[in-house]
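# Remarks on the overall topology
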Amino acid sequence: MEKQWFNKNIAEIENELETNIKVGLDASKVQKSALKYGANELQEKKKEPLIKKFMAQFKDFSIIVLIIAAIVSGAVGIAEGEGITDTIIILIVVLLNALIGVIQESKAEKSLEALKKLSAHSAKVIREGKEQIIPARELVPGDIVILETGDYVSADLRLIESANLKSQEASLTGESVPVEKETGEIEGTEIAIGDRKNMLFSSSLITYGRGKAIVVETGMKTEVGKIAGMLNDTEKQETPLQRRLNSLGKTLGIAALAICGIIFVIGLLQGKDVIDMFMTAVSLAVAVIPEGLVAVSTIVLAIGVQKMVKKNAIVKKLPAVETLGSSTVICSDKTGTLTQNKMTVEKIFCNDVTVDIEKAETSEDFRKLVYNCMLCNDSRLLETGELAGDPTETALVDMAFKLDFEKSIYRENPRVDEVPFDSERKLMTTVNENNGKYIVYTKGGVDELLRICNSYLYKGELRTNLNEYANWIRENNESMAKEALRVLAFAYKEMDHIPTKEEMKTIESELTFVGMVGMIDPPREEAKKAVEKCKKAGIKTVMITGDHKITAVAIAKKLGILENEEEALTGLELDKISDEQLTKNIRKYSVYARVSPEHKVRIVKAWQANGEVVAMTGDGVNDSPALKTSDIGCAMGKVGTEVAKEAADVILTDDNFATIVSAVEEGRRIYDNILKVIQFLISCNVGEVVVLLLATLFAPAIAGWFGISDVTMLQVLLPIHILWINLVTDTFPALALAFDSANKDIMNRKPVKKNEGIFTKGRTFRIVYQGIMIGLLTLAAFLIGLGTTNTAIDGLTLEETKIEVGQTMAFTVLALSELVHVFNIRDNKNSIFKTKIFNNKILIMAVLVSALLMGVILVVPALRTVFSIPILPAGNMIEIIALVFAPIVIVEILKLFKINTAKEE
């Protein structure tokens, strides 16, 4: 049962924690508590060992099939005395893929470690009757902590004393305005964290006042610790790309086994040798599975990750980049993510009207209002030029500086006395001297201030009919409040002497009302554009916040997230809705206010239950469970808590909501390019399967036509040829496709559906027809080689020469036609002559390098021997060139008649 410290009196807490609020704990009790409760720190999740990360890279189905093929091929090679070259090549590729994955994950971890704040917090405590400063990790329940403005709260505390104490709890509750604290007991048991006014929570900041408190919970027992603990109970979802590639791997694996079985049986029926047919079947397995696909996809993602770093995002796991591109819903925290996390004055009431601050006209009344904002204020100007203090007060001074009021005003109007703010009066007063006069400046709540005024300024004139005018003031106050503005009222009076102590007791009386100021934590300008961009991209933006509903709705309207208040729900309203109802009606709501971490997780899961890919952005501890539950969690790097960063998949280093949209765009570009890679590699592999299948099926007929006496000699491609093309020739252009720029309309189309596989009707059609095209061109090259060879090469019979020349023709045409075909893949709709063929210089280089390597094999005698390649007869060059460039001609014709995209849904 959770302890309810907020509804206990101080004596009960002293007794339970065996402490004394005057002298604190003694050394023996500190030691006893340290043993009982442990260090005051959050338990860090154990890092995965390097070996575990490495082994995790081998879970992919296609990788498993490849490893089995490598083992079988090696066993047969050793039995036949032909060596294990094929096995070594396959295993090198598999290991290379694993290494790339591990290196990238380790890089991301190091980036995150560098991002962590190096400063360890400390705390001022009373132990054995003496004040002392200790490391915060050494705090134990029962410690008495002294608090001042600017202090970081390192444990959950119950307040004993409070002098105008305010705490910033945005990281825990999501509420941007500091909470005023008090010491009295709170009745009831179901009290929300944000309403426990006599408690201070770990990870919050003291923004105003001073106080004393008892440590009641430390480490994982704090509210922050409970949220951190929730993270361990949350399972990470498989990313859309992982799902699709796994599905693709299984499809290809099953296809490979089926085709191998068919070919093996056909070969046996033709009377071919069992071992020969087994090797042919292995060749087919190697042909069906694009060995380079997993490695290339990994490298494409890694390249995307490096680009993301330049766009202010650190990606912890490679597939997370692509998941962003698939996002259909972005659930965003409000404070600091969609807003600036900085209170800003937006409107003022002065000279009888409420106006936007930018439109305020400088007048004597307005000048008096701004002086009041500056001088009745406890914020401090640091040497760095930054303002420190309560966010509400810094907003008032910041407004004055933006309106070009000089800092010298402080020097010319020194404070001589004051009545500090307190939560009962809801007022603050200062007395400032100016050229022998003494001006009393007061600020506070509108109703509280009006009670102590007897006059008001009206366009430079002092009027006394305040009772009549007060209604107009209240109307303007309500108007600003409806826009979720926090309103402060200001008044003043002049005196000809310094007030005496007796006069200071009644100084807040007979004041002249001068105006009101409305402020809010405003939305980021770039966030508004980002939300609009999301709408065009078919992405729903949802605001989830711990702040009040009126504030959340006002900000959401400004950002374009919601249109009417019926789209907003509070945490209390959410509690009354079952999970089934929420899942059914989730699309009706765009804003959730006053929610807890558990609510955030429910909202994310409800969207996921509707088949949506959910991205969650946030910076507070209260966002962490939802960050981890979502398909893609994005934490803020600057103001984000360590718990949030640990839970996230992506860290936005500039704390900018707009960066998430850039990341989505980059994710879409990467996914598009991976699809190009898949279409390219699989269409090429289908071509290899087609040529091997046709050559095996029609082997007897081909042998008869070309005078080959032994049908078992007919092998159109050797396993080493297929491996070379799949792993070397195709890999460089496939990698280069990663550098293709995004299409112009990339953010004007709907996201890819979560359950949409890689093999859509359109893509399947293109892969099949382009594969058949490459297969037939390769078979044509093989047949031309057989038919045009009339002279035996030294050491070979004429039949052997025909077969080796045919194999060489097939190998050359297959490799080079695929290099040409890669340009068809870049755009499925438009002609290659309209797509700026040279704008991807890396692709041009990759094609040239692959072609050069192919030339080296054809020219170097030692390599020709390894690949069983004789010198090509000069007479075949024209046929080779024609067959190599044929794919462009064929695909361009199909694009012209829109057949290439005919099957698109």
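Please refer to the structure higher up on the page.
A brief structural summary. (Residues numbered from 1 in each chain as written. Predicted model: local features only at pLDDT ≥ 70, side-chain atom pairs only at ≥ 80, totals over all residues. Heavy atoms only, no water.)

### Brief notes about the overall build of the chain
Summing up its helical and strand segments, the chain has 34 helices and 26 strands in all. Burial statistics for the chain: of 905 residues in total, 57% are counted as buried. Excluding contacts between residues fewer than 6 apart, the proportion of contacts in the chain whose partners are at least 24 apart in sequence is 73%. (Helix = DSSP H or I, 4+ residues; strand = E, 2+ residues; numbered from the N terminus. Buried < 20%, exposed > 50% of the residue type's maximum accessible area, 1.4 Å probe, protein only. Contact = heavy atoms within 4.5 Å.)

### A look at the pairing of strand 2 (residues 130–135)
The sheet contact formed by strand 1 (residues 122–127) and strand 2 spans 6 bridges and is antiparallel. Bridge pairing links R127 to K130 in strand 2. The antiparallel pairing of strand 1 with strand 2 creates a hairpin that spans 2 residues between the two strands, and E128 there sits at a positive phi of about 55°. (Pairing = 2+ DSSP bridges.)

### As for the layout of surface pockets
There is about 1,400 Å³ of room inside the second largest pocket. Taken together, 35 residues form the lining of the second largest pocket, with D672, N743, D745, R749 and K829 sitting closest to its centre. Secondary structure elements with two or more residues in the lining of the second largest pocket: helix 26 (657–697) and helix 30 (761–788). With 5 residues, helix 26 is the largest single contributor of residues to the lining of the second largest pocket. Along the lines of polarity and charge, the residues of the lining of the second largest pocket split into 6 nonpolar, 10 polar and 19 charged. (1 Å grid on protein atoms, 1.4 Å probe; cavity = no way out; pocket = protein on both sides within 12 Å on 5 of 7 lines; lining within 4 Å. Points joined across faces, edges and corners; volume = space filled by probe spheres on them. Nonpolar A, V, L, I, M, F, W, Y, C, P; charged D, E, K, R; others polar.)

### What about the packing of aromatic side chains?
Using the criterion set out here, one finds 9 aromatic pairs in the structure. Seen in terms of ring centroids, Y371 and F405 are 6.3 Å apart; in terms of plane orientation they differ by 80°. Their pairing is edge-to-face. Taken as a pair, Y371 in helix 13 (residues 364–375) and F405 in the loop between helix 14 (391–402) and helix 15 (408–412) lie far apart in primary sequence, 34 residues in all. Like Y371, the residue F405 is buried in the burial classification. Both rings, one in Y589 and one in Y592, keep their centres 6.3 Å apart while their planes meet at 65°; by these two values the pair is edge-to-face. Each member of the pair, Y589 as well as Y592, carries the same accessibility label: buried. (Phe/Tyr/Trp six-rings, centres within 6.5 Å; stacked < 30°, edge-to-face > 60°.)

### Overview of the pattern of salt bridges
Across all of its chains, the model carries 37 salt bridges by this definition. The closest approach of N and O atoms between K402 and D398, which form a salt bridge, is 3.3 Å. Residue K402 and its partner D398 are located together in helix 14, separated by 4 residues, close to a single helical turn. Of the residues examined, K402 reaches a relative accessible area of 57% and is grouped as exposed. The buried category is assigned to D398, whose relative accessible area is 16%. Here the residues in one salt-bridge network are R196, E223 and K226, joined through shared partners. (Salt bridge = Lys/Arg side-chain N within 4 Å of Asp/Glu carboxyl O.)

### Let's talk about the environment of V531
If you trace the backbone, V531 turns up in helix 19 (residues 525–536). For the pair V531 and F657, spaced 126 residues apart in sequence, the C-alpha to C-alpha distance is 9.0 Å. When residues no more than four places from it in sequence are discounted, the contact partners of V531 are T541, L559, G560, I561 and F657.

### Comments concerning the packing of helix 26 against helix 28 (residues 719–729)
It is at 11 Å that the axes of helix 26 and helix 28 come closest, and there the two elements cross at 165°. In terms of orientation, helix 26 lies roughly antiparallel with respect to helix 28. Classified by chirality, the crossing of helix 28 by helix 26 is right-handed. Facing N685, E688 and L692 of helix 26, the residues of helix 28 in contact are I722, I725 and N726. Grouping the constituent residues of the contact of helix 26 with helix 28 by class yields 3 nonpolar, 2 polar and 1 charged. (Axes fitted to C-alpha atoms, helices over the stretch in contact; angles between N-to-C directions. Parallel < 35°, antiparallel > 145°, perpendicular 65-115°, else oblique. Left-handed = near helix turned anticlockwise from the far one by under 90°.)

### Examining helix 32 (residues 841–859)
Helical periodicity: at 3.6 residues per turn, an α-helix aligns residues three or four positions apart in one direction. Its 19 residues give helix 32 an end-to-end C-alpha distance of 27 Å, which sits within 8% of 27 Å, the value for a rise of 1.5 Å per residue. Of the positions making up helix 32, those classed as buried are L843, I844, A846, V847, S850, M854 and I857. Seen end-on, helix 32 carries its buried residues on one side only, within an arc spanning 165°. Looking at helix 32, the residues exposed on the side facing more than 90 degrees away from the buried face are K841, M845, L848, L852 and V859. Buried residues along helix 32 sit in contact with helix 28, helix 29 (731–736), helix 31 (798–825) and helix 33 (861–866). (Expected span 1.5 Å × (residues − 1). Arc of directions from axis to C-beta.)

Interpretation note: all reported values are geometric properties and have no functional meaning in isolation.
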